[in-house]
Structure formats: C-alpha cells, structure tokens
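# Reading the structure
Letter by letter, the chains look like this.
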Amino acid sequence: MANPQLSQAAYDRLQAEFTDLTTRGRIEVANKIERAREEGDLKENAGYHAAKDEQGHMEGRIRQLEHLIENAEIVNASPIYTIVYDGDSDDMAERYMIGNMEEHAPDADVISSTSPLGAALEGASVGDTITYEAPNGSLTVKVLKVESV
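Here the structure is a predicted model, which is why all the values come from computation and not from measurement.

### Quick notes on helix α1 (residues 8–37)
Over its 30 residues, α1 runs 42 Å from end to end, which matches the ideal 44 Å to within 8%, given 1.5 Å per residue. On the buried face of α1, the contacting elements are β1 (5–6) and α2 (46–71).

Right under this line is the structure:
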C-alpha cells in the first residue's frame, strides 16, 4: 500500500487534530464516563454506553491519524480539474481535486487517484476529452481547466 500523499497544510491540520484528541479529547471522554458511572447501574445507563461509544470512535480516529502522520509523504501541489460531462453545458462544470480524502480544497470535491474518474483525469490537460468506466457505465468528460494548489 502506497504512503498517503498530503499537502503540508493537511499534514499540519491532522497533527493538530491528533494532539487535540490525545490530550483534551481523552480527558473530556474520561470525565463523561466517570460522570455516567456515578449515575448507578451500568447495564441500563445510556449515558455510560454513549460515552463508551464516543471513546471507541475517538480512539479509532486517533489510530487513523497516527497512521497518516507516521506514513505521510508531503507533496507540493495537488491538481484541481474543472470538467464538464458530455452533453452538459460549461456552466454545469464540476471541480475535483485528486488527492487524499483528508485534503480540503476550496470549492472542489476531493477524489482519490484510484477512483475511476481520478485515475482517468491524472495527467490530463486542458481541452482533453476523456472516457472512463464508471459503476453505471461509460462516461465522457472534457477538461476545461487544470489548477495546482
């Protein structure tokens, strides 16, 4: 499995989230669990079960962040493609950034380079017409613009 590629901004944001969850987040959830335990019988204590579920989700996210941070490859730019589907007018154009799902792009959806559209768009230039196999059949798009962020 290839190392996740992240921009420096995404890496920094994930590092900050990791630090927050492993400090403030764990303390906050532990306090919720303690307060719920004080309410009595744990078998029928909805507050306790909710706090334990929250703790489980948070620990899962911490493990995910830890993996991303430890294995990340920092990249300089991720392309944003402005495309229009065959038969649509240019005012129906859509913007897609090809990158890791943890990236944030202004006014663009993030898609993976392994998705059908992402794989088809990689390396495309302005004016290219690309046909790719989507789950619902063949689709054709025209590349209107390519930007690097």
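### A few points about the sheet that holds strand β3 (residues 79–85)
Pairing is mixed in the open sheet, where five strands are placed in the order β5-β4-β3-β7-β6. Every other strand in the sheet has two partners, leaving β5 (109–111) and β6 (129–134) as the edge strands with one partner each. Across the sheet, the axes of successive neighbouring strands diverge by a mean angle of 45 degrees, strand direction being ignored.

### As for the layout of surface pockets
Rolling a probe over the atoms, with the probe sized like a water molecule, indicates the empty space that remains. The computed volume of the largest pocket comes to approximately 500 Å³. Asn3, Pro4, Gln5, Asn100 and Ser113 are the residues nearest the centre of the largest pocket, which is lined by 21 residues in total. Within the residue set of the lining of the largest pocket, elements represented by two or more residues are β1 and α2. The residue inventory of the lining of the largest pocket, partitioned by class, reads 10 nonpolar, nine polar and two charged.

### Digging into α2
Between its first and last C-alpha atoms α2 spans 38 Å; for 26 residues at 1.5 Å apiece the expected length is 38 Å, and the two agree. With a side-chain oxygen positioned 3.2 Å from the backbone nitrogen of Gly47, the residue opening α2 is Asn45.

### A few points about the pattern of salt bridges
Enumeration over the complete set of coordinates arrives at seven salt bridges. Ionic pairing is found between Glu59 and Arg26, a salt bridge with its closest N-O pair at 2.9 Å. Placement of Glu59 in helix α2 and of Arg26 in helix α1 is noted, with a sequence separation of 33 residues between them. Given the relative accessible area of 21%, Glu59 is considered partly exposed. You can call Arg26 partly exposed: its relative accessible area is 36%. A salt bridge links Glu147 to Arg95; the nearest nitrogen and oxygen atoms lie 2.5 Å apart. Linking Glu147 in strand β7 (residues 137–148) with Arg95 in strand β4 (residues 94–98), this pair joins segments that are 52 residues apart in sequence. When salt bridges with common partners are traced through the structure, they connect Glu17, Arg61 and Glu102 into a single cluster.

### Focus on a negative patch on the surface
On the surface, Asp86, Asp88, Asp90 and Asp91 cluster together to form a negatively charged patch. For Asp91, a relative accessible area of 69% gives the class exposed.

### Examining the pairing of β7
As paired elements, β3 and β7 share seven bridges and run antiparallel to each other. Residue pairing across strands places Tyr85 opposite Val141, the latter belonging to β7. Count of turn residues in the β6/β7 antiparallel hairpin: two residues.

Parameters at a glance
Residues numbered from 1 in each chain as written. Predicted model: local features only at pLDDT ≥ 70, side-chain atom pairs only at ≥ 80, totals over all residues. Heavy atoms only, no water. Helix = DSSP H or I, 4+ residues; strand = E, 2+ residues; numbered from the N terminus. Expected span 1.5 Å × (residues − 1). Contact = heavy atoms within 4.5 Å. Pairing = 2+ DSSP bridges. Axes fitted to C-alpha atoms, helices over the stretch in contact; angles between N-to-C directions. 1 Å grid on protein atoms, 1.4 Å probe; cavity = no way out; pocket = protein on both sides within 12 Å on 5 of 7 lines; lining within 4 Å. Points joined across faces, edges and corners; volume = space filled by probe spheres on them. Nonpolar A, V, L, I, M, F, W, Y, C, P; charged D, E, K, R; others polar. Polar contact = N/O pair within 3.5 Å; in protein donor to acceptor, adjacent residues only side chain to side chain. Salt bridge = Lys/Arg side-chain N within 4 Å of Asp/Glu carboxyl O. Buried < 20%, exposed > 50% of the residue type's maximum accessible area, 1.4 Å probe, protein only. Patch = residues over 30% accessible without salt bridge, like charges linked within 9 Å, V, L, I, M, F, W, Y side chains within 5 Å. Areas by Shrake-Rupley, 256 points an atom, 1.4 Å probe, with all protein chains shown as cover. Lys, Arg positive; Asp, Glu negative; His and termini not counted. Charge placed at Lys NZ, Arg CZ, Asp CG, Glu CD.

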